[in-house]
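# Close look at the chain arrangement
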Amino acid sequence: MQLGTLLEKLKMDHLNAQLDSVCEQASKRDLSYKEFLTESLLLEWRGRHLKGVESRLSQARFPWVKTVEQFDFNFQPSIDRKVIRDLSGLGFVDRAENVVLLGPPGVGKTHLAIALGVKAAEAGHRVFFLTVETMLTRLSRAKRENRLDRQLQLLVYPRLLILDEMGYLPMTREEASIFFRLLTRRYERASLIITSNKSFVDWGEIFGDQVLATAILDRLLHHATTINIKGESYRLKEKRKSGVLTTAKQKERGEEKKEPVAQQAN
Ligand code: ADP
Ligand code: MG
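### A closer look at the sheet that holds strand β4 (residues 191–196)
Sheet strands line up and pair through hydrogen bonds in the backbone, either parallel or antiparallel. The five strands lie next to each other as β2-β3-β4-β1-β5, forming an open sheet whose pairing is parallel. The strands lining the two open edges of the sheet, one partner per strand, are β2 (127–131) and β5 (224–228). Strand after strand, the sheet turns through a mean of 10° between neighbouring axes, direction not considered. As paired strands, strand β1 (residues 98–102) and β5 are joined by five bridges and run parallel to one another.

Written as structure tokens, this is what we have:
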């Protein structure tokens, strides 16, 4: 059998595509048989790994991709970078623990959630990102159409589920109880990252029922890392730099701008 055909049958597409240059390099560098074999298989493995990461990143449905390395910790000193470094090691995914990122708009909750999701996808875990609003729309529709179980299963299956923006809108009782079902199914089996602009004391309002809120928080926080971000919005940093906004300190010093202060975006 021809080498090309053999590589095709073995599905070694990456090696097959670069076979000529690999052989040429091997003879130029005078590699031993063992070194040549190692380099060839490494090339195939790297190609497969990269393809897997790309496919997991696209399946995760991130709205945009940001990494931990792109996060400016100096801008947000309330975040302990050691905690983020530990989480980046993905022990929390292996142990099926949760992460809750709390804080006002613009402080980097979604950025960090996505960044941890990217790490997990790179490490081979299935990740899925969606906003709480999208999740509830999907689950409620599925319930009306008698296919709630199947839809829930899709959200139980990823090793890491990222639910963004908990608490922007209150839930109906039915939505809260469907969410509770999802949480119960994932509990101690798979990880969840949740971001919210509401502190835990206000979660009762989100679920419209204190008993359900307690049960939800109980499952969510039993094995969880909570990161409470207290700081300024990064989105407003640039605007402030350009002089559109006035900081509280500038106000104190009477350096307030005459034009109206811009609305803080989410
Ligand atoms: P939140 O989800 O808390 O509202 P985001 O994560 O959406 O905030 O952050 C808003 C924007 O600012 C994003 O583009 C994000 O990448 C960026 N950002 C926020 N905090 C930082 C930071 N500390 N370093 C670098 N970029 C940041
Ligand atoms: Mg956000």
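Back to the write-up after that little detour.
### Description of the nonpolar core
Residues M135, L163, M166, M171, F179, W203 and F207 are the most contacted members of the largest nonpolar core, which totals 32 residues. A total of six residues in this core trace back to one element, the largest contributor, which is helix α10 (residues 173–186). Residues contacting F179, with those up to four places away along its chain left out, are M135, L163, M166, M171, I194, F207 and I216. Core analysis: the second largest hydrophobic core is formed by 29 residues, F62, F71, L87 and I162 among them.

### Quick notes on the domain arrangement of the protein
As assigned here, the protein comprises domain 1 (3–58) and domain 2 (68–234). Between domain 1 and domain 2, the contact holds four residues from the first and six residues from the second. Overall, the association of domain 1 and domain 2 removes approximately 410 Å² of surface from exposure, summing both partners, and the carbon and sulfur fraction of that is 63%. Taken together, the connections running from domain 1 to domain 2 amount to zero salt bridges. Linking domain 1 with domain 2 are one residue pair in polar contact (both at pLDDT 80 or more). Each residue belonging to the side of domain 1 that touches domain 2 can be placed in one class, and the counts come to two nonpolar, one polar and one charged.

### Examining the site of ligand 1
Taken together, the neighbourhood of ligand 1 is formed by 15 residues, with D72, G106, K109, T110 and H111 sitting nearest. A distance of 2.7 Å separates an oxygen atom of ligand 1 from a polar side-chain atom of T110. A distance of 3.0 Å is found between an oxygen atom of ligand 1 and a side-chain nitrogen or oxygen belonging to R235. Against a free-state accessible area of 560 Å², the protein chains account for coverage of 90% of ligand 1. Contributing elements (two or more residues each) for the shell around ligand 1: α7 (109–122) and α13 (234–241). Top contributing element to the shell around ligand 1 by residue count: α7, with three residues. Classifying every residue of the shell around ligand 1 gives six nonpolar, five polar and four charged.

### Quick word on the confidence of the model for the protein
Averaged over all residues, the pLDDT of the protein equals 91, while 90% of them reach at least 70. In this model, residues 256–266 is a region of pLDDT below 50 whose contacts with residues beyond four sequence positions or in other chains number 16 contacts.

### Quick look at the packing of helix α8 (residues 132–144) against α10
With their axes 10 Å apart at the nearest point, α8 and α10 run at an angle of 100° to one another. Taken together, the axes of α8 and α10 are roughly perpendicular relative to one another. For the pair α8 and α10, the contacting residues are M135, L136, L139, S140 and K143 in the first and E174, E175, I178, F179 and L182 in the second.

### Quick notes on a positive patch on the surface
Residues R61, R138, R141 and R144 make up a contiguous surface patch of positive charge. For R144, a relative accessible area of 64% puts it in the exposed group.

### Quick look at the side chain of E97
Tracing the backbone shows E97 in the loop between α6 (91–94) and β1. By relative accessible area, which is 18% here, E97 ends up buried. Once residues lying within four places of it in the same chain are set aside, the contact partners of E97 are F92, S191, L192 and H223.

### A word on a nonpolar patch on the surface
On the surface, M1, L3, L6 and L10 cluster together to form a nonpolar patch covering roughly 420 Å² of accessible area. Within the fold, L6 resides in helix α1 (residues 3–9).

### So, the pairing of β2
Among the five residues that make up β2, four are buried, leaving the element largely enclosed by the rest of the structure. Pairing of β2 with strand β3 (residues 160–166) involves five bridges; the strand directions are parallel. Looking at β3, one finds that V127 is bridged to L160.

### Quick word on the environment of M171
Its place among the elements puts M171 in the loop between β3 and α10. For the pair formed by M171 and T5, sequence separation is 166 residues and the distance between their alpha carbons is 58 Å. With near-sequence residues (within four places) excluded, M171 lies in contact with V132, L136, M166, A176, F179, I206 and F207.

What counts, and where the lines are drawn
- Residues numbered from 1 in each chain as written.
- Chains lettered and ligands numbered in written order.
- Predicted model: local features only at pLDDT ≥ 70, side-chain atom pairs only at ≥ 80, totals over all residues.
- Heavy atoms only, no water.
- Pairing = 2+ DSSP bridges.
- Helix = DSSP H or I, 4+ residues; strand = E, 2+ residues; numbered from the N terminus.
- Axes fitted to C-alpha atoms, helices over the stretch in contact; angles between N-to-C directions.
- Core = buried A, V, L, I, M, F, W, Y, C linked by side-chain atoms within 4.5 Å.
- Buried < 20%, exposed > 50% of the residue type's maximum accessible area, 1.4 Å probe, protein only.
- Contact = heavy atoms within 4.5 Å.
- Domains from an automatic or database assignment.
- Buried area = accessible area lost by both parts, 1.4 Å probe.
- Salt bridge = Lys/Arg side-chain N within 4 Å of Asp/Glu carboxyl O.
- Polar contact = N/O pair within 3.5 Å; in protein donor to acceptor, adjacent residues only side chain to side chain.
- Nonpolar A, V, L, I, M, F, W, Y, C, P; charged D, E, K, R; others polar.
- Near = heavy atom within 4 Å.
- Areas by Shrake-Rupley, 256 points an atom, 1.4 Å probe, with all protein chains shown as cover.
- pLDDT = per-residue confidence, 0-100.
- Parallel < 35°, antiparallel > 145°, perpendicular 65-115°, else oblique.
- Patch = residues over 30% accessible without salt bridge, like charges linked within 9 Å, V, L, I, M, F, W, Y side chains within 5 Å.
- Lys, Arg positive; Asp, Glu negative; His and termini not counted.
- Charge placed at Lys NZ, Arg CZ, Asp CG, Glu CD.

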